[in-house]
Structure formats: structure tokens, C-alpha cells
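The residues making up each chain are set out below.
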2 protein chains.
Amino acid sequence: MSHSTTRRNVLRGTAATAAAARTEAAHAAPHGGGTGPNIGILLYDGYSLLDPTGPAEVLSRLPDATVTMIAEKRGAVRTDTADVAVVAERSITEVDRLDVLLVPGGGDRGTVGAMNNQALLRWIRTIHRHTRWTTSVCTGSIVLAAAGLLDGREATTYWASADYLQSTFDVTYLPQRYVRSGKIITAAGVSAGVDMALYLASLIADDDTAKAIQLAVEYDPRPPFDSGNAAEASSQLKERALRLLAASQVPT
Amino acid sequence: MSHSTTRRNVLRGTAATAAAARTEAAHAAPHGGGTGPNIGILLYDGYSLLDPTGPAEVLSRLPDATVTMIAEKRGAVRTDTADVAVVAERSITEVDRLDVLLVPGGGDRGTVGAMNNQALLRWIRTIHRHTRWTTSVCTGSIVLAAAGLLDGREATTYWASADYLQSTFDVTYLPQRYVRSGKIITAAGVSAGVDMALYLASLIADDDTAKAIQLAVEYDPRPPFDSGNAAEASSQLKERALRLLAASQVPT
């Protein structure tokens, strides 16, 4: 077949960009060589799949970045639906320093499990001492709050968890896509992690790098509907969204 | 600690929605019971992480849906950066029918590897015979084309791969977020899979269900920059995006 070649550049449009890409690759440190940011994403049973993987896609394109999935134990860690598992490459006992920590959110079972797991909370507190950025997506901010990191701060979380966050912890909820408070950045629900990761990329590198990453992942969002904002949603739509989530998740 | 309870509903805002969620969960078939769509996502060495995981997040919220990660062999399948692995729960020899097939894209190494893997291409052709929907994200459309499924059709792909797709196969490239041609739906690069999955959710279920899923994953995109559209990007930005991609990926 005419396309059966391993030498053709599928992604690169022109010989010029191919050459430029080879040049940048040659200048870059070997993969995982550690000259770039060391980014760790904490997985726990019952996280929501897009919470860690959206930011990982974005942040892995930072120059010389290393992204490591971490959990209480190494191995496959299942999502809230239990259909899908991402591999934790390292256990928390193997990781004592990170430039960036990201804590994803999950369903009720996963979030409550994480916020009551004292070993995880201790590890989060320890890692946070030396991070450049400590971040969360969705109900991951509730896990950060349970670890004591959000006391007296402004933060965001999943829209349906805002009341819980504010009533349970000394946190002021802001209905924003992401909220920066010192070196802590919290993102709203699930897909907001992608927006937060681009913002984080601009802080770690610069705006031009973040813009290039946005183009690299072709993030020019055009959802077929305009129903993702809870502040504009009807109570019927909100109830239906929560019913679909509950029905898709492995129950508590 | 006052928040140490496993009985509190973290996600659900009110007692009413909690009760409604329990009702929907009770009416739903047991998880994976097979009354809903059977969705299979093909993984191969060198795919891009968000390509399968964004749509999986969305499609897993369809009523009674089952999402299964599939690869040539069961087990961990690594992304283009090799940092992250998602578990393939089934091998292609174990799956002979799917309602929905999704083929993700990858870097050069992954895409070229998949399009030259005759066992994968045969499996894609066989599965496609009985699918309701055969779909792709990013350079996954090039894999579909290599399997012979896009002959004479309109399709989209990753922006930097459009010339390759059109010059190598009998395909008309459309610079759209997603393109439907009969029962085949192709999405543009990486993050476009989320938009495509919401469209697909509306086809599998209905608009109201897709809108509720969009709210469930809080997909109200607000990227900090507006640089994700290749048609509006400078040649400098495009070259930088491709350099970052190339440098982040394990080389061919």
C-alpha cells in the first residue's frame, strides 16, 4: 500500500516544520531527564477520568516536562464508573518532591474516600510544602480542603459541590473556571481542568508557550450545545445531570 | 474531624436531587449490564491521552453505557509521551461487536504504527460492519482511512495532518470540529473529541441528554487564550506547536 511507510511525517505539514521539530527535539533533554517541571497527578479509586487526563495532555507538552501518575499504591486505578483505569506509575511513598501537584475530583465515593484517607492527606500536605504549584480539578479542591490547605482561601470546585465546600470548610467559593490563591490553583468541574492547565502552563513557562500548547491540542472549543454553565442551567437540567452522574457511577 | 463521614453527599446539592439520583440509579440496569450502548475505544502504543479519555468521560454518562478500552493485547498501553498508560481491558480478539467504535489519534510513531498494523486494520473493518457509529479523534481518521473506511468520504483530522490525509487517501478534508459522513464521525485534533462526543451523545440519546451530560462535566469552556484554531494561527505559532509536540513525544 502506498501509505505503508514508517518514514513519512504524518503530523508535520511541511519539510520546514519537520526540520524545526527535529532541531527542538535534539536540543531538548532526554525524555524524563528532569530539567523541566516535575508534575505529579494523584489518582485514587473513583476519580473522574477527564480530571487528571485533560491537564496531563496539556502539561505534558511543556518543554522537558515529566508527568507522573501517583497513587497510594502502584498499578491500575479505576474511575468512578469503574470502566476505565489509568496506571499509577509511582506510589506516594516513592514521591517526596514535586514541582506541580494536581489532585483530581471524583464521584461521591471517590471524593469521600480520598478526604477520609489520612495517608493521602498527609502526603498532600508534605508535598505541598515544596511545590511551585498545588492544583486541583473538580472536587479535588474538597480533598485539598480536607488536607487543610484551603483554610481562609478562595477556591472553586464542581458546581454541585459548592455548598458543601463552603459549609464544611473555611473556604470562600468563587464561581469561576479556575481560582488562584497564592500557589494554589483550583479548577471547576471536570473539563475545567483543561482551561486551568493552560493557565498553569502560562505561569510555568510563558503565554506564548501556553498558546502554542493550545494549538498543539487544537483546543478551539465548539460544543454543539451551550449548557455547561450551572449558573445558567434550569433546575431540571441540573437534576438530570446529577441523575446521569449518579447512575453512571459505582454506588457508595 | 467534622467532615469525616462516608454518608454525606458531596456532589449532590440538595436532598431532592439526591433522592432523584437514587431513583434513576435504581431504575438503571446494573453497571455494564448491557442494556445501553456498548462503546469500545481502541488504544495503541503512542496514542494521545486526551483523544480516548475526553470522549470516554462524556460517553460514560449516557444511560446504561459501557465504555471499554481495547487494544491488540490486554494491559497498559502508553501514550505518545510514554509518561502515562491507560489499561486495555480487552484484546481485539475478545471483541467482535460494538455499538460505537472510537479510534484515537497519536503522534507520528503511534499513528504510523497503527496504520501499518494489518491486524488492527482488519479488526476495525470487521467491527465497522455492525457499528451504529464508527468514530475517530485527531489522526485516528488517518487510521480509519488506512483501513479503507473513508474512501470517497468527507472527514476531518488534526490540523497539521490535513494535507497528508487528502494527498494519501481518497478523502475530502473539511476544516470542522467534527464531520459526519453516514455512520462515520471524525473529529479534529485531540480536544475536539469532547465536542464530537457530545454530538454523538445527542445522536445516541437525544439533545436533552447531551445537554445534561455537558453540564455534568461542567463543559463551559473558557480557555485563557484564543489560539486553538489553526486557520487563524500564525506560521510561527504553528511551528512552535509542532516543535513542542515533537519534543514531548518519544521519537520514531
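Residues numbered from 1 in each chain as written. Chains lettered and ligands numbered in written order. Predicted model: local features only at pLDDT ≥ 70, side-chain atom pairs only at ≥ 80, totals over all residues.

**Student:** I'm lost on the overall build of chain A in this one. Help?
**Tutor:** Helices and strands together make up the secondary structure of chain A, namely 9 helices and 11 strands. Out of the 252 residues in chain A, the part that is buried amounts to 58%. (Helix = DSSP H or I, 4+ residues; strand = E, 2+ residues; numbered from the N terminus. Buried ≥ 20, exposed ≤ 12 C-beta atoms within 10 Å, placed from the backbone.)

**Student:** Sorry if this is basic, but what is going on with the pairing of strand E2 (residues 66-71) of chain A here?
**Tutor:** On a regular strand, each side chain points to the face opposite its neighbour's, so the side chains alternate between the two faces of the sheet. Residues and elements named next belong to chain A. The element E2 is extensively covered by neighbouring structure, given that 5 of its 6 residues are classed as buried. The pairing of strand E1 (residues 38-42) with E2 spans 5 bridges and is classified as parallel. From the neighbouring strand, Gly-40 faces E2, where its bridge partner is Thr-68. Direction of pairing for E2 relative to strand E5 (residues 90-91): parallel, over a ladder of 2 bridges. Counterpart to Ala-71 in the pairing with E5 is Ser-91. (Pairing = 2+ DSSP bridges.)

**Student:** In this structure, what is going on with the relation of the copies chain A and chain B? I would like to understand it.
**Tutor:** Both copies of the chain are related by one operation, a rotation about an axis with a shift along it. Superposing chain A onto chain B requires a rotation of 180 degrees together with a translation of 0.0 Å along the rotation axis, leaving an RMSD of 0.0 Å. Overall, the copies show the geometry of a two-fold rotation axis. Among all residues of chain A, the minimum C-alpha distance to the rotation axis is found for A:Val86, at 2.2 Å. Here 100% of the interface residues in chain A have copies in chain B that are interface residues too; the copies meet face to matching face. (Least-squares fit on C-alpha atoms with pLDDT ≥ 70 in both. Contact = placed C-beta atoms within 7 Å.)

**Student:** Sorry, what's going on with the sheet that holds strand E7 (residues 133-136) of chain B here?
**Tutor:** One key point about sheets: their strands pair by backbone hydrogen bonds, in either a parallel or an antiparallel sense. Residue and element names in this part refer to chain B. An order of E5-E2-E1-E6-E7-E11-E10 is seen for the 7 strands of this open sheet, with the pairing classed as mixed. Either end of the sheet is taken by a strand with one partner, and the two such strands are strand E5 (90-91) and strand E10 (178-181). Relative to the sheet, helix H7 (residues 192-204) contacts E7, E10 and strand E11 (184-187), its axis offset from that of E11 by approximately 155 degrees. (Axes fitted to C-alpha atoms, helices over the stretch in contact; angles between N-to-C directions.)

**Student:** Any chance you could explain H7(B) here in plain terms?
**Tutor:** Side chains that are three or four residues apart share a direction in an α-helix, a result of its 3.6 residues per turn. All names here are of chain B. The end-to-end C-alpha distance of H7, which contains 13 residues, comes to 18 Å, matching closely the 18 Å that a straight helix rising 1.5 Å per residue would cover. The buried count for H7 comes to 11 of 13 residues, which makes it a mostly enclosed element. Where H7 is concerned, the buried positions are Ala-192, Gly-193, Val-194, Asp-195, Met-196, Ala-197, Leu-198, Tyr-199, Leu-200, Ala-201 and Ile-204. Each element contacted by the buried residues of H7 is listed here: helix H2 (50-59), E7, E10, E11 and helix H8 (207-216). (Expected span 1.5 Å × (residues − 1).)

**Student:** Mind showing me how you'd approach the environment of A:Lys211 here?
**Tutor:** Inspection of the secondary structure assignment puts A:Lys211 in helix H8 (residues 207-216). Overall, the presence of 24 C-beta atoms within 10 Å leaves A:Lys211 in the buried class. Separated by 32 residues in the primary sequence, A:Lys211 and A:Val179 place their C-alpha atoms 20 Å from one another. Dropping the residues within four chain positions of it, A:Lys211 is found in contact with B:Phe225, B:Ser227 and B:Leu237.

**Student:** I tried to follow the packing of H2(B) against H7(B) on my own but got confused; where do I start?
**Tutor:** Packed helices, taken two at a time, are described by the angle between their axes plus the distance between the axes. All names here are of chain B. Two elements in contact, H2 and H7, have axes separated by 8 Å at closest approach and are oriented at 30 degrees. Handedness of the crossing formed by H2 with H7: right-handed. Here Leu-50, Asp-51, Gly-54, Pro-55, Val-58 and Leu-59 of H2 lie close against H7, whose contacting residues are Gly-193, Val-194, Met-196, Ala-197, Leu-198, Leu-200 and Ala-201. Residue classes in the contact of H2 with H7 are distributed as 10 nonpolar, 2 polar and 1 charged. (Left-handed = near helix turned anticlockwise from the far one by under 90°. Nonpolar A, V, L, I, M, F, W, Y, C, P; charged D, E, K, R; others polar.)

**Student:** Just to check I follow, could you spell out the interface of chain A and chain B for this structure?
**Tutor:** Quoted interface sizes are often the accessible area lost when the parts come together. Taken residue by residue, the interface counts 101 residues in chain A and 101 residues in chain B. Top element by residues in the side of chain A that touches chain B is helix H9 (residues 235-248) of chain A. It accounts for 12 residues. For the side of chain A that touches chain B, a count of residues per class yields 54 nonpolar, 29 polar and 18 charged.

**Student:** How should the sheet that holds strand E6 (residues 100-103) of chain A be read in this particular structure?
**Tutor:** Spatially, E5-E2-E1-E6-E7-E11-E10 (chain A) is the arrangement adopted by the 7 strands of the open sheet, whose pairing is mixed. The open sheet has two free edges, formed respectively by E5 and strand E10 (178-181) of chain A, since each of these has just one partner strand.

**Student:** Is there a simple way to explain the pairing of strand E11 (residues 184-187) of chain A in this structure?
**Tutor:** Residue and element names in this part refer to chain A. Every second residue of E11 is oriented toward a common face, with Ile-184 and Thr-186 on one face and Ile-185 and Ala-187 on the other, all of them buried. Pairing analysis gives 3 bridges linking strand E7 (residues 133-136) to E11, with the strands arranged parallel. Within E11, the residue paired with Thr-134 across the bridge is Ile-184. Where E10 and E11 come together, 4 bridges link them in antiparallel fashion. Paired with Tyr-178 across the bridge in E11 is Ala-187.

**Student:** Whenever I open this one, the nonpolar core confuses me. Can you help?
**Tutor:** Residues A:Leu43, A:Leu59, A:Ala201, B:Leu43, B:Leu59 and B:Ala201 are the most contacted members of the largest nonpolar core, which totals 174 residues. When near neighbours in sequence (up to four residues on either side) are disregarded, B:Leu59 contacts B:Ile39, B:Ala65, B:Val67, B:Ala197, B:Leu200 and B:Ala201. (Core = buried A, V, L, I, M, F, W, Y, C linked by C-beta atoms within 7 Å.)

**Student:** Help me understand H2(B), please; the structure alone is not making it clear to me.
**Tutor:** Here H2(B) lies mainly inside the structure; 10 of its 10 residues are buried. All of the buried residues in H2(B) are B:Leu50, B:Asp51, B:Pro52, B:Thr53, B:Gly54, B:Pro55, B:Ala56, B:Glu57, B:Val58 and B:Leu59.

**Student:** Help me understand the confidence of the model for chain A, please; the structure alone is not making it clear to me.
**Tutor:** Where the model shows low pLDDT, its predicted coordinates should not be examined in detail. All names here are of chain A. The predicted model of chain A has a mean per-residue pLDDT of 90, with 86% of residues at 70 or higher. Residue range residues 1-7 is modelled with pLDDT below 50. Its contacts to residues more than four positions away, or to other chains, number 7 contacts. Taken together, the stretch residues 13-33 has pLDDT below 50 and engages in 28 contacts with residues farther than four places along the chain or on a different chain. Scoring the predicted complex yields pTM 0.91 and, for the interface, ipTM 0.91. (pLDDT = per-residue confidence, 0-100.)

**Student:** What am I meant to see in the packing of H9(A) against H8(B) here?
**Tutor:** Where H9(A) contacts H8(B), the two axes come as close as 8 Å, and the packing angle between them is 80 degrees. Here H9(A) is positioned roughly perpendicular relative to H8(B), judged by the angle of their axes. The segment H9(A) lies against H8(B), with A:Leu237, A:Lys238, A:Arg240, A:Ala241, A:Leu244 and A:Leu245 engaging B:Lys211, B:Ala212, B:Ile213, B:Leu215 and B:Ala216. Its residues placed into classes, the contact of H9(A) with H8(B) shows 8 nonpolar, no polar and 3 charged. (Parallel < 35°, antiparallel > 145°, perpendicular 65-115°, else oblique.)

**Student:** I'm lost on the environment of A:Thr35 in this one. Help?
**Tutor:** Locating A:Thr35 in the fold gives a position in the loop between helix H1 (15-27) and E1. Separated by 175 residues in the primary sequence, A:Thr35 and A:Ala210 place their C-alpha atoms 18 Å from one another.

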